[in-house]
Each structure stands twice: as structure tokens, then as C-alpha cells.
Amino acid sequence: ALVSQCLRDPLSEALSLVDSIKRTNTVTNPELDIKLQSINRNLHQFHRSLCNMSDVARFEQTRTSRSEYRNVVSIISDIIDKAVSLISSGPHTLEYHGIQQEILSVVDNEKLERAILNLISNAAKYSPKAGTIVATLYQNNANRYLYVENEIQNQATSLICNLFLR
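Residues numbered from 1 in each chain as written. Predicted model: local features only at pLDDT ≥ 70, side-chain atom pairs only at ≥ 80, totals over all residues. Heavy atoms only, no water.

All right, on to the overall build of the protein chain then. Of regular secondary structure, the protein chain possesses 4 helices and 5 strands. Helices and strands in the protein chain line up, N terminus first, as α-α-β-α-β-β-α-β-β. Here the protein chain holds 166 residues, and the buried ones make up 23% of them. Only carbon and sulfur atoms are counted for the fraction: they give 53% of the accessible area of the protein chain, which is about 11700 Å². (Helix = DSSP H or I, 4+ residues; strand = E, 2+ residues; numbered from the N terminus. Buried < 20%, exposed > 50% of the residue type's maximum accessible area, 1.4 Å probe, protein only. Areas by Shrake-Rupley, 256 points an atom, 1.4 Å probe, with all protein chains shown as cover.)

In C-alpha cells:
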């Protein structure tokens, strides 16, 4: 990725130079036109290769960071701790009941955090003031479940069917 980034500036200058030569060339010279087209084509092919290098590096970086086994229980506990501080600043309370044993799994921390915080945020949004939200993590065979429960306001019951539609 670093090589790709370092080579983009000189490549960009070379592409600009070929383009300016083509535009300022007033003399019809078929041999020069063929050479400029060849240089332009090769520079664009080189540019595509650099972009592919950058894409592969990004993919490898995310693949290696996401393919490690992590303790899901501690990750979820950390996320819930963040949520407790957010929820406790408002009129709601958040209770968490987790599993004590370690569960190793391949997880994407960012997506997991976004999903859990979204669930808790929706629960807070549709709970009455001073309501309690309860998050429970449990395991059934090889599956793990995070159950988020809240008291629902009367006017929110009609919105539940549309809650997760986008």
C-alpha cells in the first residue's frame, strides 16, 4: 500500500504530461501519436495495477484483523460498558447479564459494536422515561444470543413492525 501511494504522484504527473503533449501537438505526426497512445495506455495499466495493489493491501489488512479468534464475552461486556455510560446520562437504566465463561469466535468488533449499540439505542428510544433496559447474553449449543428487552410505550407498539426497515 505504501509503494502504491508513493508511486501515484509521479504517475499522475506522467499522465498529465502525456495529455498536455497530445493537446499542444499541432503537427500531425502519426508516429508520435502512436507512441503517445502506447505510453498513455501503459500508464493507465500501471495505474490500475497500483489501485489493485492498494485494494489487496486493504483487503489483507481487514482480513487478517478480522480472522483472529477473540473472546466474544469480553468484547460484548466492553460494548455494554460503553452503552451503560451513554444510557445512564439519560433517564434510563441498563442492566447486563452475561456469561462468565470465555467464548472464542471470529468477530468484527466494529460491526458487533454498531449492532449492539443500535439495539440498545432503539430500546431506549421506545422505552418510557426512567425505564429499564435489560441485555442478556446466553449460549445455546454453538449459538450465542444477545437478548435486549425493554418496557415499551403504548404509542411505540405501532412502530415496532417498521423499526428495522430502511
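Still to come is the rest of the account.
A full pass over the atoms with the stated rule returns 1 aromatic pair. Arranged with centres 5.2 Å apart and planes meeting at 25 degrees, the rings of Tyr138 and Tyr145 form a pair that is stacked. With a relative accessible area of 37%, Tyr138 lands in the partly exposed category. Using a relative accessible area of 34% as the deciding quantity, one classes Tyr145 as partly exposed. (Phe/Tyr/Trp six-rings, centres within 6.5 Å; stacked < 30°, edge-to-face > 60°.)

Counted under the stated rule, the structure contains 2 salt bridges. Among the ionic pairs, Lys35 bridges to Glu31, the shortest N-O distance being 3.5 Å. Within this pair, Lys35 and its partner Glu31 are both found in helix H2 (residues 30-66), separated by 4 residues, close to a single helical turn. Since its relative accessible area comes to 52%, Glu31 is described here as exposed. (Salt bridge = Lys/Arg side-chain N within 4 Å of Asp/Glu carboxyl O.)

Turning our attention to the pairing of strand E4 (residues 132-140). Bridge count between strand E2 (residues 93-97) and E4: 5 bridges; the pairing is parallel. Bridge assignment links Glu95 to a residue of E4, and that residue is Val134. In textbook terms, the turn of a hairpin is the stretch between consecutive antiparallel strands, and for E4 and strand E5 (residues 143-150) this stretch comprises 2 residues, one of which, Asn141, has a positive phi near 60 degrees. (Pairing = 2+ DSSP bridges.)

Below, the discussion takes up the sheet that holds E4. Hydrogen bonds between backbone atoms are what pair the strands of a sheet, whose relative direction is either parallel or antiparallel. Strand order in this open sheet of 3 strands is E2-E4-E5, and the pairing throughout is mixed. A single partner strand is all that each edge strand has here, and the edge strands are E2 and E5. Neighbouring strand axes in the sheet, compared pairwise and without regard to direction, differ in orientation by 15 degrees on average. Summarising the sheet, E4 and E5 pair through 8 bridges and their orientation is antiparallel. By the bridge assignment for E5, Gln139 is matched with Arg144. Helix H3 (residues 72-88) rests against E2, E4 and E5 of the sheet, and its axis sits at about 165 degrees to E2. (Axes fitted to C-alpha atoms, helices over the stretch in contact; angles between N-to-C directions. Contact = heavy atoms within 4.5 Å.)

Positionally, Tyr147 belongs in strand E5. Taking the C-alpha atoms as reference points, Tyr147 and Leu137, 10 residues apart in sequence, are found 6.3 Å from one another. In this structure, Tyr147 is in contact with Val134, Ala135, Thr136 and Tyr138, ignoring residues within four places of it in sequence.

A word on the nonpolar core. Counting 19 residues, the largest nonpolar core has Ile76, Ile80, Ile87, Leu94, Ile116, Ile120 and Ile133 as the members making the most contacts within it. Mapped onto this core, the elements with two or more residues apiece are H3, helix H4 (109-125) and E4. Looking at this core element by element, the count peaks at 8 residues for H3. Ignoring any residue separated from it by four or fewer positions in sequence, one finds Ile87 in contact with His92, Thr93, Leu94, Ile120, Ala124 and Ile133. (Core = buried A, V, L, I, M, F, W, Y, C linked by side-chain atoms within 4.5 Å.)

Interaxial distance between H3 and H4 falls to 10 Å at its minimum, and their mutual angle equals 40 degrees. At the point where H3 passes H4, the crossing takes the right-handed sense. Here Ile75, Ile76, Ile79, Ile80, Lys82, Ala83 and Ile87 of H3 lie close against H4, whose contacting residues are Asn109, Leu112, Glu113, Ile116, Leu117, Ile120 and Ala124. Looking at the contact of H3 with H4, its residues break down into 11 nonpolar, 1 polar and 2 charged. (Left-handed = near helix turned anticlockwise from the far one by under 90°. Nonpolar A, V, L, I, M, F, W, Y, C, P; charged D, E, K, R; others polar.)

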